[in-house]
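# Notes for the structure review
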Amino acid sequence: MAAALGALALPGWALPQKGTHAVLLGTKGGPSPIPERAAPSTALVIDGRLHLVDCGNGVAHQLAKAGIALPLLNQVYITHNHSDHVIDVATLLVLAWAAGLATPVAVHGPPPIAEIVKNGLGVSAYDMAARMREEGRPPLEKLITVRERDTGGLVYRDDSVTVRSALVDHYTVRPAFAYRFDTADRSIVISGDTTYSEALAELARDADVLIHEALYEPFLDRISTANAPTLRDHLRKSHTTTEQIGQLAAKANVGKVVLTHLVPAVGVTDEEWIVGVQKYYRGEIVVGRDLMVI
């Protein structure tokens, strides 16, 4: 099956005020910046409210590219505390506030996310004091709630969405979470970083869309850095191969698979990404691109 490409959130894209729409803000795995793909983050616009999963470097800029106004930020969900998923969480909050954020935002995630947010806001303390003094802005800290958790279960619920999480296996980085969003029109699951996970398969059961991280296993043999043996071991124990994604998607009976957090981020064709998943899964497969609307 060929990849089914979603529309891109390009300038002029009208932000939907009703329904559930996912935007892949960044689809690269790992912390090192490259020009082809941004750091991992996924926006879910649910009835006009912004729910954001992970805050890799440049996430605010990617939201601007997608036409999603920062003050719409409502809930932030961190899957785990690797830098490529969390480094811009406080930066995003500060930039949203500078752009006019005036409504509460909750940050959900594993410990020590509260300390990470506090320390990150501290970096901007001088700037925030100046803007409160000169621009009359309210204190940002009063708008932010951080909710740490180390177990799966119900994370958030309002009239538009129910969000649940499951613990997944990201080697030594624990706890790590996957999240499921159930709305009136769709169910979307975001894997976070994980090896093959039975808990994720259960969380994703009968979901409309599974947005899953992906490792192209033949790439491991190409690694030639000084720490190659250690890096290969880390990647094998921390991530999910395309074949394993196919097995999990088939077991969970999901309607569509979207590959993101691609390792490697460049040098693999869509057909190469898809073929491993297709060995076990017969549904629609999408190779993610930055700013793709699902």
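In this convention, every chain numbers its residues from 1, walking through the sequence in written order. The predicted nature of this model means local features are confined to residues of pLDDT at least 70 and side-chain atom pairs, given and counted, to a pLDDT of 80 or more, with totals for whole chains, interfaces and linings taken over all residues. Side-chain descriptors were evaluated using all non-hydrogen atoms of the structure, hydrogens and water having been removed beforehand.

## Digging into the packing of aromatic side chains
Pairing of aromatic side chains requires ring centres within 6.5 Å, counting the rings of Phe and Tyr and the six-membered ring of Trp. Pairs whose planes differ by under 30 degrees are stacked, by over 60 edge-to-face, and all others tilted. Inspection of every chain in the model, using the stated rule, returns four aromatic pairs. With centroids separated by 5.4 Å and ring planes inclined at 55°, the aromatic side chains of Y77 and Y179 adopt a geometry described as tilted. With Y77 in strand 5 (residues 73-77) and Y179 in strand 10 (residues 176-183), this pair connects stretches of sequence that are 102 residues apart. No difference in accessibility class separates Y77 from Y179, as the two residues are buried. When the ring of F177 is compared with that of Y179, the centres are 6.1 Å apart and the planes differ by 40°; the resulting orientation is tilted. Classification of F177 as buried rests on a relative accessible area of 0%. The rule is simple: take the accessible area with a 1.4 Å probe, protein chains only, and divide by the maximum for that residue type; under 20% is buried, over 50% is exposed, in between is partly exposed. Assessed through its relative accessible area of 0%, Y179 is described here as buried. Numbering of helices and strands runs from the N terminus, with a helix taken as a DSSP run of H or I at least four residues long and a strand as a DSSP run of E at least two residues long.

## Considering the pattern of salt bridges
Think of a salt bridge as a Lys or Arg side-chain nitrogen and an Asp or Glu carboxyl oxygen that are within 4 Å of each other. Taken as a whole and assessed by the stated rule, the structure comprises 13 salt bridges. K279 serves as the salt-bridge partner of E243, at 3.5 Å between the closest nitrogen and oxygen. One end of the pair, E243, is in helix 8 (residues 242-252); the other, K279, is in the loop between helix 9 (270-278) and strand 14 (284-287), with 36 residues separating them in the sequence. Exposure remark for E243: the relative accessible area of 22% places this residue in the partly exposed category. Exposure remark for K279: the relative accessible area of 53% places this residue in the exposed category. The network of salt bridges with shared partners includes D127, R131, E135 and R137.

## Section: the pairing of strand 11 (residues 187-190)
Because side chains alternate across strand 11, one face comprises the buried residues S187 and V189, and the other comprises I188 and I190, equally buried. Direction of pairing for strand 10 relative to strand 11: antiparallel, over a ladder of four bridges. Bridge pairing in strand 11 places R180 opposite V189. Between strand 10 and strand 11, which pair antiparallel in sequence order, lie three residues. Strands were regarded as paired on the criterion that DSSP finds at least two bridges between them. Sheet topology note: the strand 11/strand 12 (residues 209-215) ladder contains three bridges and is parallel. Bridge assignment links I190 to a residue of strand 12, and that residue is I211. For the handedness criterion, the strands are oriented away from the viewer, and a crossover whose path from the first strand over the helix to the second runs clockwise is classed as right-handed. Between the parallel elements strand 11 and strand 12, the chain passes through helix 6 (residues 198-203) in a crossover that is right-handed.

## A few points about the confidence of the model for the protein
Segments scoring low in pLDDT should not have their predicted coordinates read at a detailed level. A residue's pLDDT is simply how confident the predictor is in it, with values from 0 to 100. For the protein, per-residue confidence averages 95 on the pLDDT scale, and 96% of positions sit at 70 or higher. In this analysis, two residues are considered to be in contact whenever any of their non-hydrogen atoms come within 4.5 Å of each other. Across residues 1-5, where pLDDT falls below 50, the model places 18 contacts with residues more than four positions away in sequence or in other chains.

## Here's the deal with helix 9
Within the sequence span of helix 9, burial applies to D270, W273, I274, G276 and V277. The arc enclosing the buried residues of helix 9, seen along the axis, measures out at 160°, which places them on a common side. The inward-facing, buried residues of helix 9 abut strand 12, helix 8, strand 13 (256-263) and strand 14. Arc definition: directions from the helix axis to the C-beta atoms.

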